[in-house]
Amino acid sequence: LLNLSESFDGKIRSITENKKSVIAIITERSIEMYAAIYGIIRGGNAYLPVDPDYPQDRIEYILKNSGAKAVAVQGKFADKVKNIPCIDMTSRIKDGYDSGNILPCAAKSDDTAYVIYTSGSTGFSKGVMLPARAMWSNIEFGREKLGKCLKAGDSIVSMLPMAHMYGLAFEF
């Protein structure tokens, strides 16, 4: 996972020319999803989860409105992306990682780490940007609360969709 996320980080930085950007993810819950999220945040970028079950017009609106510079997809969802560089996470897993492109971690606590689109009261979705420090605070809260009742070897199942921040945060 670490090797894949570092390789993915390098790929993103080559696409964005090392500028911190919004990078969308269209994938089911999978190893690809985790590698993409870790790689995106590691480079100081913000990840934007997009549910592959959204209608195509909503996906296109979110990608355009967010200014996403690239999209990480599982291969079967590549046809949902148009006019934006697309990184097929499935082929990156099959082909292995590029160990020659490991860059130092560029994430900072004041970076935007996550963008979520709300339903929007005007009928159009609105993007809300959350800083890395908010995600880490949420993770620490979960560790503090769950740590009191969990012991080594216990497992937690998240039933929330990938596009829900709290579902992801408790999985870190």
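Quick caveat, the model's predicted, so the values are computed rather than measured. (Residues numbered from 1 in each chain as written. Predicted model: local features only at pLDDT ≥ 70, side-chain atom pairs only at ≥ 80, totals over all residues. Heavy atoms only, no water.)

## Describing the nonpolar core
Ranked by size, the top nonpolar core spans 18 residues in total, and within it F8, I25, I40, Y47 and M89 carry the most contacts. Mapped by element, the contributors of at least two residues to this core are α1 (2-16), β1 (22-26), α2 (31-42) and β3 (70-73). In terms of residue count, the dominant contributor to this core is α2 (seven residues). Of all hydrophobic cores here, the second largest spans 17 residues; its members include V22, A68, V81 and V115. (Core = buried A, V, L, I, M, F, W, Y, C linked by side-chain atoms within 4.5 Å. Buried < 20%, exposed > 50% of the residue type's maximum accessible area, 1.4 Å probe, protein only. Helix = DSSP H or I, 4+ residues; strand = E, 2+ residues; numbered from the N terminus.)

## Considering the confidence of the model for the protein chain
Should the pLDDT be low somewhere, the predicted coordinates at that spot are not to be read in detail. Per-chain confidence: the protein chain averages 79 in pLDDT, with 78% of residues scoring 70 or above. No element of the protein chain has a lower mean pLDDT than helix α6 (residues 165-169), which averages 44, and none a higher one than β1, which averages 95. Contacts of residues 165-172 to residues separated by more than four positions or lying in other chains number 28 contacts, the stretch itself having pLDDT below 50. (pLDDT = per-residue confidence, 0-100. Contact = heavy atoms within 4.5 Å.)

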